[in-house]
Amino acid sequence: YINNNFKYVQNIDTNSVKNKQEVLNMIYTIINSGDESFSFNCDYDDCINDVKNIISDNTIFSNINNFVHPYNSFNSINIDITDDGRITITTKKLYKDEEIDYINSYIDNFILNNLNDGMSNLDKIKLFHDYIINNTIYDEGSNESHSAYTLITTGKSICGGYSDILSIFLHRLNLTNYKITSKNHVWNLVNIDGVWYHIDMTWDDPVASDGNQYLLHNFFMISKDELYKLDTVEHTFDENIFIEAK
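The structure reproduced in this document is the subject of the present report. (Residues numbered from 1 in each chain as written. Predicted model: local features only at pLDDT ≥ 70, side-chain atom pairs only at ≥ 80, totals over all residues. Heavy atoms only, no water.)

1. Topic: the sheet that holds strand β10 (residues 220–222)
Strands pair in a sheet through their backbones, by hydrogen bonds, and they do so in one of two ways: parallel or antiparallel. What the four strands build is an open sheet, ordered β7-β8-β9-β10; its pairing is antiparallel. Edge positions in the open sheet fall to β7 (177–181) and β10, since each of these has one partner strand only. Neighbour to neighbour, the strand axes of the sheet diverge by 35° on average, direction disregarded. Strand direction decides the pairing type here: β7 and strand β8 (residues 186–192), joined by five bridges, are antiparallel. Considered in β8, the bridge of I180 is made with W187. Helix-sheet contacts for helix α5 (residues 121–134) involve β8, β9 (195–199) and β10, and the interaxial angle to β10 is about 130°. (Pairing = 2+ DSSP bridges. Helix = DSSP H or I, 4+ residues; strand = E, 2+ residues; numbered from the N terminus. Axes fitted to C-alpha atoms, helices over the stretch in contact; angles between N-to-C directions. Contact = heavy atoms within 4.5 Å.)

Below you can see the structure in the form of structure tokens.
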């Protein structure tokens, strides 16, 4: 559970909703809570239509998924609507319990062997960023290597795995963060001392034509302006959703 409210979605403490924003907040709260099944009541005239419109737009659920801890993120989601306005959301988690234990042990070992209390958060993140890239190869052409578990067990990943493992680590540092998605890509956003920074470990681990492995820092702790100077295709995001990232 993340005790964070964002500009797009906030935690809500009720079993009924009174407007569309509260529907979005409820979906976020349910997924964020870790509950695999939860019901709530519609309490305004257009609620059912709003829920159906949200269901018809798969990107809304995917976007909300980015704001929760990766361990609570879902692999699939089902919405059931009754005639009396009761909505039940059932999710299937992306990570199994044994995978979570394995990832936690991996991060525990990294922290024990590499970090100390005298380091700044920036130093800690850079060490982790470099460690992951040095031990991971981008799994070009694959759509399977999308989780942090696959990344650390195979040494291969696509952007979903890179962004999940970094998000999990950032949460271990108690840093507010979430993932950002564009049309075909996902990366991380983190808040340090009130400032939001973009980090993209995938693009800092390029697939080189010469077959060599490279470690870059082009997409490490940068602003939106710096991000757009480097790329305006894969990194163009919806600023009405990922509002802090602006």
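2. Some details on the sheet that holds strand β1 (residues 16–17)
Spatial ordering of the open sheet is given by β1-β2-β4-β3, a layout of four strands whose pairing is mixed. Sheet topology places β1 and β3 (74–81) at the edges, where each strand pairs with a single neighbour. The pairing of strand β2 (residues 37–42) with strand β4 (residues 86–93) spans five bridges and is classified as antiparallel. Residue pairing in the sheet places S37 in a bridge with T90 of β4.

3. Thoughts on the side chain of N32
Inspection of the secondary structure puts N32 in helix α1 (residues 20–33). For N32, a relative accessible area of 0% gives the class buried. (Buried < 20%, exposed > 50% of the residue type's maximum accessible area, 1.4 Å probe, protein only.)

4. Comments concerning the state of the cysteines
If you walk through the whole model with that rule in mind, you get one disulfide. Between the sulfur of C42 and that of C47 lies a disulfide, 2.0 Å long from S to S. Disulfide C42-C47: torsion about the S-S bond near -60°, hence left-handed. (Disulfide = S-S within 2.5 Å.)

5. Brief notes about the packing of aromatic side chains
Applying the stated rule across the entire model yields 18 aromatic pairs. Ring centres of F67 and F242 lie 5.7 Å apart, and the angle between their planes is 20°; this geometry places the pair in the stacked category. A residue pair is termed long-range when its members are at least 10 positions apart, and F67 in the loop between α3 (58–65) and β3 and F242 in the segment after α8 (224–230) qualify at 175 residues. The buried category is assigned to F67, whose relative accessible area is 0%. Owing to a relative accessible area of 1%, F242 belongs among the buried residues under this scheme. Between F128 and F169 the ring centres are 4.0 Å apart and the planes differ by 5°, which places this aromatic pair in the stacked class. With F128 in helix α5 and F169 in helix α7 (residues 159–172), this residue pair connects regions lying 41 residues apart in the sequence. Through pairs of rings, three or more aromatic residues link up here, namely F6, Y8, Y28, F67, Y178, W196 and F242. (Phe/Tyr/Trp six-rings, centres within 6.5 Å; stacked < 30°, edge-to-face > 60°.)

6. Quick look at α1
The end-to-end C-alpha distance of α1 is 20 Å, a good match for the 20 Å that 14 residues give at a rise of 1.5 Å each. Inspection of α1 places V23, L24, N25, M26, I27, Y28, T29, I30, I31 and N32 among the buried residues, and these make up the whole buried set. For α1, the secondary structure elements touched by its buried residues are β1, β2, α2 (47–56), α3, β3 and β4. Looking at where α1 begins, the residue whose side-chain oxygen comes 3.2 Å from the main-chain nitrogen of Q21 is N19. At the C-terminal side of α1, G34 shows a positive phi close to 90°. (Expected span 1.5 Å × (residues − 1). Polar contact = N/O pair within 3.5 Å; in protein donor to acceptor, adjacent residues only side chain to side chain.)

7. Considerations on unusual backbone geometry
At N174, a residue that is not glycine, the phi angle is positive and equals roughly 60°. Within the secondary structure layout, N174 lies in the loop between α7 and β7. The residue M221 is not glycine, and still its phi comes out positive at about 55°. With respect to the helices and strands, the residue M221 is situated in strand β10.

All quantities given are derived from atomic positions and should not be read as evidence of function.
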